[in-house]
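Structural overview
Here's the letter readout for the chains.
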Amino acid sequence: KVLHAIGELHNDYIRPPSLETPTKIDCIGAIDGTHVRAGVTKDVEHSFHGRKAFTTQNVMAAVDFDLRFTYVLAGREGSAHDATVLADALTRERGLQVPPGKFYLVDAGYGAKPGFLPPFRGVRYHLNEWGNNPVQNDKELFNLRHSSLWVTVELAS
């Protein structure tokens, strides 16, 4: 009888988790890197070859949710890993600053560390992977929300 009574109240008191992004969160933006073609001298050319067939710079940018660039680090070799570029940005004299208690969304290449939130690996992430399938657990919900906010950095670049 108790279960039946709870079932009768489900429309008033039991709701699935919201898929809406809250209007106030402690996330101040998103960070991503892009490869930009670079002309370099022969003696350093090997360092600027990464995954592209030509020499590039790995340029990292931080973008807020109003699509404004808040930090850009250009000039790193195309072979530099995203985590290395981020570490460089954090150690520079006028480098990237993350206020206490705030964080940036990052992709998995940057890794999880204080102030930076990547998606969960091995869990659905890209919006086209969802289709009509509902969220199954808290990791999927996190990745869905991460992906929804992540499009901001994609729009800015």
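Residues numbered from 1 in each chain as written. Predicted model: local features only at pLDDT ≥ 70, side-chain atom pairs only at ≥ 80, totals over all residues. Heavy atoms only, no water.

For the protein chain, an unreviewed UniProt entry supplies the name DDE Tnp4 domain-containing protein and the organism Aegilops tauschii subsp. strangulata. Per its UniProt entry, the protein chain bears the Sequence similarities (unreviewed entry) comment "Belongs to the HARBI1 family." (UniProt positions renumbered as here; feature names shortened; annotations may be inferred.)

Focus: the environment of Ala30
Position of Ala30 relative to the elements: it lies in strand E1 (residues 27–37). Between the alpha carbons of Ala30 and Asp64 there is a distance of 6.5 Å; along the sequence they are 34 residues apart. (Helix = DSSP H or I, 4+ residues; strand = E, 2+ residues; numbered from the N terminus.)

What to know about the nonpolar core
Core analysis: the largest hydrophobic core is formed by 14 residues, its most contacted members being Ile31, Met60, Tyr71, Leu86, Leu96 and Phe116. Of all elements in the fold, only strand E2 (56–63), strand E3 (69–77) and helix H3 (82–91) reach the threshold of two or more residues within this core. Sorting elements by how many residues they give to this core places H3 first, with three residues. Each residue touching Leu96, except ones within four places of it in the same chain, is listed here: Ile31, Met60, Ala62, Tyr71, Leu86, Ala89, Leu90, Tyr104 and Phe116. If you look at the next biggest cluster of nonpolar residues, it comprises six residues, including Ala30, Leu105, Tyr125 and Leu149. (Core = buried A, V, L, I, M, F, W, Y, C linked by side-chain atoms within 4.5 Å. Buried < 20%, exposed > 50% of the residue type's maximum accessible area, 1.4 Å probe, protein only. Contact = heavy atoms within 4.5 Å.)

Examining the side chain of Asp88
For Asp88, the position within the fold is in helix H3. On the accessibility criterion, Asp88 (16% relative accessible area) is buried. Not counting the four nearest positions on each side in its chain, Asp88 is found in contact with Leu73 and Arg76.

Section: the sheet that holds strand E4 (residues 103–105)
Taken in spatial order, the five strands of this open sheet run E3-E2-E1-E4-E5, and their pairing is mixed. Both outer strands of the open sheet, E3 and strand E5 (116–117), are each paired with one neighbouring strand and no more. Pairing geometry for E1 and E2, over eight bridges, is antiparallel. Looking across to E2, one finds that Ile31 is bridged to Ala62. (Pairing = 2+ DSSP bridges.)

Describing the pairing of E3
By the bridge criterion, six bridges tie E2 to E3 in an arrangement that is antiparallel. Residue pairing for E3: Ala61 is matched across the bridge by Val72. Counting the residues in the hairpin turn of E2 and E3 gives five residues, including Leu67, whose phi is positive at 65 degrees.

As for the pattern of salt bridges
Pairs may arise between side chains of opposite charge once their charged atoms sit close together. Across all of its chains, the model carries four salt bridges by this definition. The salt bridge partner of Arg68 is Asp66, with a shortest N-O separation of 3.3 Å. Each of Asp64, Asp66 and Arg68 takes part in salt bridges that share partners, so that together they form one network. (Salt bridge = Lys/Arg side-chain N within 4 Å of Asp/Glu carboxyl O.)

Some words on the environment of Phe54
Looking at the secondary structure, you find Phe54 in the loop between E1 and E2. Note: C-alpha distance between Phe54 and Arg37 (17 residues apart in sequence) is 7.1 Å.

Some points on H3
Buried residues of H3: Asp82, Val85, Leu86, Asp88 and Ala89, and no others. Projected down its long axis, H3 shows its buried positions confined to an angular sector of 160 degrees, all on one face. (Arc of directions from axis to C-beta.)

Quick word on the environment of Asp26
For Asp26, the location among the structural elements is in the loop between helix H2 (10–13) and E1. Taking relative accessible area as the criterion, Asp26 reaches 36% and is therefore assigned partly exposed. As a C-alpha pair, Asp26 and Pro100 span 74 residues in sequence and 9.9 Å in three-dimensional space.

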